[in-house]
Amino acid sequence: MTSSSSPSQDTTRFAHSHAEGLRADALMEEDVAWSLEIDGERDGDQFDRSERAALRRVAGLSTELEDVTEVEYRQLRLERVVLVGVWTSGTAQDAENSLAELAALAETAGALVLDGVIQRRDKPDAATYIGSGKAEELRDIVLDSGADTVICDGELSPGQLIHLEDVVKVKVIDRTALILDIFAQHAKSREGKAQVALAQMQYMLPRLRGWGQSLSRQMGGGKGGGLATRGPGETKIETDRRRIREKMAKMRREIAEMKTGREIKRQERKRNKVPSVAIAGYTNAGKSSLLNRLTGAGVLVENALFATLDPTVRRAETPSGRLYTLADTVGFVRHLPHHLVEAFRSTMEEVGDSDLILHVVDGSHPNPEEQLAAVREVIRDVGATDVPEIVVINKADAADPLTLQRLLRVEPRSLAVSARTGRGIPELLALIDSELPHPSVEIEALVPYTHGKLVARAHDEGEVISEEHTPEGTLLKVRVHEELAAEFAPYVPTPAG
């Protein structure tokens, strides 16, 4: 006997199915499912709904340390970083100052510094830089802070980079890579970019890392291909290294060509007997500000490390009217990577070929003596130890008076100035005038008015002691170099005998 449903049951089932259909349609339309006007007062702000709709970062999906490329060409992506230093010598304050400078470098590169730790050791660990146990503790700090990069205050070997990354599970870079990245961001001229690129390739060459097919060998010789091999060829990573060496050789040739152009300009200045003054000093000591104050050059001034990299040469004049050139050079820093010293050697030659060095030091720095020592080490590397030096203690308006007194007492040829306020600038100009090399020949000549160009050269290239206009011509008493003295010889009065 077949059973049949009653009309009332059919109505109930239809009503239920109709309600389910309306609910399904409502779920498909967000505006019908929930509206601010109807449900907002009852349901509140609905934070859960906004969180569900937002993009969420899923942990564990990053492939940055996995086998995703044949050879890893690393690019710095500094966002949230933890700093690590090894304290091997000096005081605890010295180690903290070094880490503070690393933090300033990281911020200049665009990073957000979350934490910094220092490990006391006799020397860095050969495997993980800070030791395996401390590396595990560092891993916990990275997890707690949510950092994505660890920066070590030193130059790590390729093995140290690999082993430390294996423990902390985030990208690890060292101080050298960080400085190279800052240089790459700030280089503007063609020569500056080429020098930075060369230094980066020198740094990257021993740190190429390969997986999988990177270690496979190329097919050997043979005309037919396929099985016609003649032994193993070079691996892919060897090919990459060879290509980098070829690029480095090409870059060195280009830098040498650009160096020739600067040498020609330098020789022209020497031929015209124009004295040269080079501004050298620690990064962010105020070298560009001083150049602008002395010459009005309009060079970029920024409270950042390595804000200006490209050398700037400007013409200036002493209070006595002598012309000279003033060159702003790249800033130095403690433990400046040797790759950069080598790549920027042609730029730093401005310091070695100058007649006077203005060594600028930040008087407001916690330890200006360390800045002086670091800069003098680089000056020694470029062979400029014989050039006379004036220590310019900048930022005197913000410095501790006791620090200024100590530096002025320790450094015999020093002067406290403020490029921002102009304090001490007239005294500095007078000191530059007295320290620049003076022409060796003193003569007195009566130059006819028809040879006014010779008088102008005496003003540009020599020191005019006195000048008097007579009916016969201009009576000059000047100090000039030997070549110009020979041109004045016909107009030197002969002694009455």
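Residues numbered from 1 in each chain as written. Predicted model: local features only at pLDDT ≥ 70, side-chain atom pairs only at ≥ 80, totals over all residues. Heavy atoms only, no water.

Asks: An account of the overall build of the chain is needed here, citing residue identities and associated values.
Replies: The helix and strand inventory of the chain stands at 18 helices and 15 strands. Scored against the burial criterion, the 497 residues of the chain give a buried share of 43%. Here the contacts in the chain between residues at least 6 apart in sequence split such that 67% fall between residues at least 24 apart. Surface summary for the chain: the accessible area is close to 27400 Å², and the carbon and sulfur share equals 52%. (Helix = DSSP H or I, 4+ residues; strand = E, 2+ residues; numbered from the N terminus. Buried < 20%, exposed > 50% of the residue type's maximum accessible area, 1.4 Å probe, protein only. Contact = heavy atoms within 4.5 Å. Areas by Shrake-Rupley, 256 points an atom, 1.4 Å probe, with all protein chains shown as cover.)

Asks: An account of the pairing of strand β5 (residues 171-174) is requested, with residue identities and associated values reported.
Replies: Of the two faces of β5, the one lined by Lys171 and Ile173 and the one lined by Val172 and Asp174 are each fully buried. Taken together, the four bridges between strand β4 (residues 149-152) and β5 define a ladder with parallel strand orientation. Bridging from a neighbouring strand, Ile151 pairs with Ile173 of β5. Crossover connection from β4 via helix α7 (residues 158-168) to parallel β5: handedness right-handed. (Pairing = 2+ DSSP bridges. Right-handed = clockwise from strand over helix to strand, strands pointing away.)

Asks: Tell me about the sheet that holds strand β14 (residues 463-469), residues and numbers included.
Replies: Spatially, three strands are ordered β13-β15-β14 in an open sheet, and the strand pairing comes out antiparallel. With partners counted over all chains shown, the strands left at the sheet margins are β13 (441-447) and β14, one partner each. Averaged over all pairs of adjacent strands, the angle between their axes in this sheet comes to 10°, without regard to strand direction. Across the sheet, helix α17 (residues 452-461) lies against β13, β14 and β15 (474-480), angled at about 145° from β14, the strand it touches most. (Axes fitted to C-alpha atoms, helices over the stretch in contact; angles between N-to-C directions.)

Asks: How would you explain the packing of aromatic side chains if you had to name every residue and give the values?
Replies: Across all of its chains, the model carries zero aromatic pairs by this definition. Above the face of the Trp87 ring, Arg120 is positioned so that its terminal group lies 4.4 Å from the ring centre. (Phe/Tyr/Trp six-rings, centres within 6.5 Å; stacked < 30°, edge-to-face > 60°. Lys NZ or Arg CZ within 6 Å of the ring centre and 35° of its normal.)

Asks: I'd like to hear about the pattern of salt bridges, residue by residue, with values.
Replies: Here the structure, examined in full by the defined rule, presents 15 salt bridges. Notably, a salt bridge pairs Arg175 with Glu101, separated by 2.5 Å at the nearest N-O pair. Of this pair, Arg175 sits in helix α8 (residues 175-186) while Glu101 is found in helix α5 (residues 92-108), placing the two residues 74 residues apart along the sequence. Judged by its relative accessible area of 2%, Arg175 is buried. The buried category is assigned to Glu101, whose relative accessible area is 9%. Its salt-bridge partner being Glu487, residue Arg457 comes within 2.9 Å of it at the nearest N-O pair. Pair noted here: Arg457 is in helix α17 and Glu487 is in helix α18 (residues 482-488), with a separation of 30 residues, a long-range link. You can call Arg457 partly exposed: its relative accessible area is 26%. (Salt bridge = Lys/Arg side-chain N within 4 Å of Asp/Glu carboxyl O.)

Asks: Tell me about the packing of α8 against helix α9 (residues 190-204), and name the residues and values.
Replies: At a minimum axis separation of 10 Å, α8 and α9 run at an interaxial angle of 155°. The angle between α8 and α9 places the two elements in the roughly antiparallel class. Pair α8 / α9 crosses with left-handed handedness. Between α8 and α9, the contacting residues are Thr176, Ala177, Leu180, Phe183 and Ala184 on the first element and Val196, Ala199, Gln200 and Tyr203 on the second. (Parallel < 35°, antiparallel > 145°, perpendicular 65-115°, else oblique. Left-handed = near helix turned anticlockwise from the far one by under 90°.)

Asks: Pulling in residues and values, what's your account of helix α11 (residues 287-295)?
Replies: Along α11, the residues classified as buried are Lys287, Ser288, Leu290, Leu291 and Leu294. In a view along the axis of α11, the buried residues occupy a sector of 160°, so they form one face of it. In the core, the buried residues of α11 are packed alongside β7 (276-281), β8 (312-317), β9 (323-328), β10 (356-362), β11 (389-394) and α16 (425-435). With its phi angle positive at about 65°, Gly296 sits one or two positions after the end of α11. (Arc of directions from axis to C-beta.)

Asks: Account for the nonpolar core, with residues named and values stated.
Replies: Judged by nonpolar contacts, the single largest core of 78 residues is most densely connected at Leu178, Phe332, Leu358 and Leu428. Sorting elements by how many residues they give to this core places α8 first, with six residues. Residues within four places of Leu358 in sequence aside, it is in contact with Val277, Ala278, Ile279, Ala280, Leu294, Leu326, Ile390, Val392, Leu428 and Ile432. Of all hydrophobic cores here, the second largest spans 13 residues; its members include Ile443, Leu454, Val455 and Ala485. (Core = buried A, V, L, I, M, F, W, Y, C linked by side-chain atoms within 4.5 Å.)

Asks: Quick one: what's the story with the environment of Leu356, residue by residue and with numbers?
Replies: Looking at where Leu356 falls in the secondary structure, it is placed in strand β10. It is 5.9 Å that separates the C-alpha atoms of Leu356 and Val387, two residues lying 31 residues apart in sequence. The contacts of Leu356, once residues within four sequence positions are left out, are Ser276, Val277, Ala278, Val387, Pro388, Glu389, Ile390, Arg413, Ile432, Glu435 and Leu436.

Asks: Before we move on, can you summarise unusual backbone geometry with the specific residues and values?
Replies: With a phi angle near 65°, Asn284 is a residue other than glycine that sits in the positive phi range. For Asn284, the location among the structural elements is in the loop between β7 and α11. Classification of Asn284 as partly exposed rests on a relative accessible area of 23%. Backbone geometry places Lys395, a non-glycine residue, at a positive phi of 60°. Within the fold, Lys395 resides in the loop between β11 and α15 (401-410).

Asks: Describe the side chain of His359, naming the residues involved and giving the relevant values.
Replies: Turning to its location among the elements, His359 is positioned in strand β10. Once residues lying within four places of it in the same chain are set aside, the contact partners of His359 are Ala280, Gly281, Leu372, Val375, Arg376, Glu389, Ile390, Val391 and Val392.

Asks: Before we move on, can you summarise the confidence of the model for the chain with the specific residues and values?
Replies: Averaged over all residues, the pLDDT of the chain is 75; the fraction at 70 or higher stands at 72%. A low-confidence stretch, residues 1-34 stays under pLDDT 50, and its non-local contacts, those more than four residues away or across chains, total eleven contacts. Within the model, the stretch residues 38-44 combines pLDDT values under 50 with eight contacts to residues more than four positions away or in other chains. (pLDDT = per-residue confidence, 0-100.)

Asks: Which residues make up the sheet that holds β10, and what values go with them?
Replies: Strand order in the open sheet formed by six strands is β8-β9-β7-β10-β11-β12, and the pairing between neighbours is mixed. The outermost strands of the open sheet, each flanked by one partner alone, are β8 and β12 (414-416). In this sheet, neighbouring strand axes are inclined to one another by 25° on average, regardless of whether the strands run parallel or antiparallel. Taken together, the four bridges between β7 and β9 define a ladder with parallel strand orientation. By the bridge assignment, Val277 is partnered in β9 with Leu326. Contacts from helix α14 (residues 368-381) reach β7, β10 and β11, with the element oriented near 145° to β10.

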